[in-house]
Amino acid sequence: MSYCVNCGVELEASLKECPLCNTPVINPKQPYPIAGSGPYPSSKGQVEVVKRKDLGILLSVVLSSTSITCFLLNLFVFKNSLWSFLVIGICICLFFFAFPAVIYTKTPVYAALLADGVAVGLYLYLITFLTTTATARWFWQLGLPIVISVTALIELFTLLAHKFPFSVLTGSLYFFIEVPVFCVTLELLIKRFCHVPYRITWSAVVLTVCVIIDITLITIITKKRLRNEVRRRLHF
């Protein structure tokens, strides 16, 4: 014997609905009598995949609205300095960073990296322009050379990754070759900026450690058995 799910009255087995409240009686062992009105949809839906064009529009709207609102706030409310140009500069840099990955994926990778370096250099110059002219020396002797060095090293890393077989081991080798080059360059630039004798100190420690790592990686890469064992144990 069964009971109504609505009012609880006892029901006969042959009844199709409750005689008291007219609630339909459904046998869970039989198909639902009304097609298309079951508890679950008959067809599966799928959320539409977001396209790169949509991400590009969203990114452009967010960056442009941030730039415009900050400029208007600077123009009509906080008028003491041109701080909004710093925000606008950051938005422009972010746009250059995201442009090849989101908006136009056919951009050559070397041109995209060069554009990123130019954008960062121009932003540093904007900081110099908005501050006193007495601090311009840090841009020409420290900021700009560092940006050029980093851009050149990233371009070199990308070139090596494209021209030679690339893996985790070779990528690590390229990385630990470029790290001491950058550290030595950075220390020499700082020495030059501070007007002290050219002499490497802390970068020599980095250079020593990276040389040891590079020799180890070269040994692993050149020895097939070692290379396969490392890949097996590290799962790459």
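Residues numbered from 1 in each chain as written. Predicted model: local features only at pLDDT ≥ 70, side-chain atom pairs only at ≥ 80, totals over all residues. Heavy atoms only, no water.

## Thoughts on the state of the cysteines
Under the defined criterion, the tally for this structure stands at zero disulfides. No disulfide involves Cys210; its nearest neighbouring cysteine sulfur is the one of Cys183, lying 6.8 Å away. The class for Cys210 is buried, based on a relative accessible area of 5%. (Disulfide = S-S within 2.5 Å. Buried < 20%, exposed > 50% of the residue type's maximum accessible area, 1.4 Å probe, protein only.)

## As for a nonpolar patch on the surface
Where nonpolar side chains cluster on the molecular surface, the patch consists of Ile68, Phe71, Leu72, Leu73, Leu75, Phe76, Val77, Phe78, Leu82 and Phe85 and spans about 930 Å² of accessible area. Tracing the backbone shows Phe78 in the loop between helix H1 (52–76) and helix H2 (84–103). (Patch = residues over 30% accessible without salt bridge, like charges linked within 9 Å, V, L, I, M, F, W, Y side chains within 5 Å. Areas by Shrake-Rupley, 256 points an atom, 1.4 Å probe, with all protein chains shown as cover. Salt bridge = Lys/Arg side-chain N within 4 Å of Asp/Glu carboxyl O. Helix = DSSP H or I, 4+ residues; strand = E, 2+ residues; numbered from the N terminus.)

## Some thoughts on the packing of aromatic side chains
Throughout the structure, instances matching the rule amount to nine aromatic pairs. Here Phe95 and Phe99 contribute two aromatic rings whose centre-to-centre distance is 5.8 Å and whose plane-to-plane angle is 50 degrees, an arrangement assigned as tilted. One end of the pair, Phe95, and the other, Phe99, are both in helix H2, four residues apart, so they sit about a helical turn from each other. Note on Phe95: relative accessible area 30%, which makes it partly exposed. On the basis of relative accessible area, Phe99 is assigned to the partly exposed category, the value being 29%. Residues Phe139 and Trp140 carry aromatic rings whose centres are separated by 4.9 Å and whose planes lie at 80 degrees to one another, so their mutual orientation is edge-to-face. Phe139 gets classed as buried once you look at its relative accessible area, which sits at 3%. Ring pairing ties together the aromatic residues Tyr125, Trp138, Phe139 and Trp140, which thus form one cluster. Over the face of the ring belonging to Phe193 we find Arg137, whose NZ or CZ atom lies 4.2 Å from the ring centre. (Phe/Tyr/Trp six-rings, centres within 6.5 Å; stacked < 30°, edge-to-face > 60°. Lys NZ or Arg CZ within 6 Å of the ring centre and 35° of its normal.)

## Points about the packing of helix H6 (residues 202–222) against helix H7 (residues 224–234)
Packing of H6 against H7 brings their axes to within 5 Å, and their N-to-C directions diverge by 105 degrees. Here H6 lies roughly perpendicular to H7, going by the angle between them. Every residue of H7 that contacts H6 at Thr219, Ile220, Ile221 and Thr222 is listed here: Lys224, Leu226, Arg227 and Val230. Along the lines of polarity and charge, the residues of the contact of H6 with H7 split into four nonpolar, two polar and two charged. (Axes fitted to C-alpha atoms, helices over the stretch in contact; angles between N-to-C directions. Parallel < 35°, antiparallel > 145°, perpendicular 65-115°, else oblique. Contact = heavy atoms within 4.5 Å. Nonpolar A, V, L, I, M, F, W, Y, C, P; charged D, E, K, R; others polar.)

## Quick look at the environment of Asn6
Locating Asn6 in the fold gives a position in the loop between strand S1 (2–3) and strand S2 (10–11). For the pair formed by Asn6 and Cys21, sequence separation is 15 residues and the distance between their alpha carbons is 7.6 Å. Among residues more than four places away in sequence, those in contact with Asn6 are Cys21 and Thr23.

## Overview of the nonpolar core
One broad trend across soluble globular proteins is that nonpolar side chains are buried collectively. Ranked by size, the top nonpolar core spans five residues in total: Leu169, Leu173, Leu217, Ile220 and Val230. Mapped by element, the contributors of at least two residues to this core are helix H5 (168–193) and H6. (Core = buried A, V, L, I, M, F, W, Y, C linked by side-chain atoms within 4.5 Å.)

## Describing the pattern of salt bridges
Applying the stated criterion across every chain, the model contains three salt bridges. The residue Glu187 makes a salt bridge to Lys191 at a minimum N-O spacing of 4.0 Å. Separated by four residues within a single helix, Glu187 and Lys191 lie in helix H5, roughly one turn from each other. Judged on exposure class, the residue Glu187 and its partner Lys191 are both buried. For Glu229, the salt bridge is made with Arg233, and the minimal N-O distance between the two is 2.5 Å. Of this pair, Glu229 and Arg233 both sit in helix H7, separated by four residues, roughly a single helical turn. Relative accessible area serves as the criterion here: at 59%, Arg233 is assigned to the exposed category. Each member of the salt-bridge network shares a partner with another, and the members are Glu229, Arg232 and Arg233.

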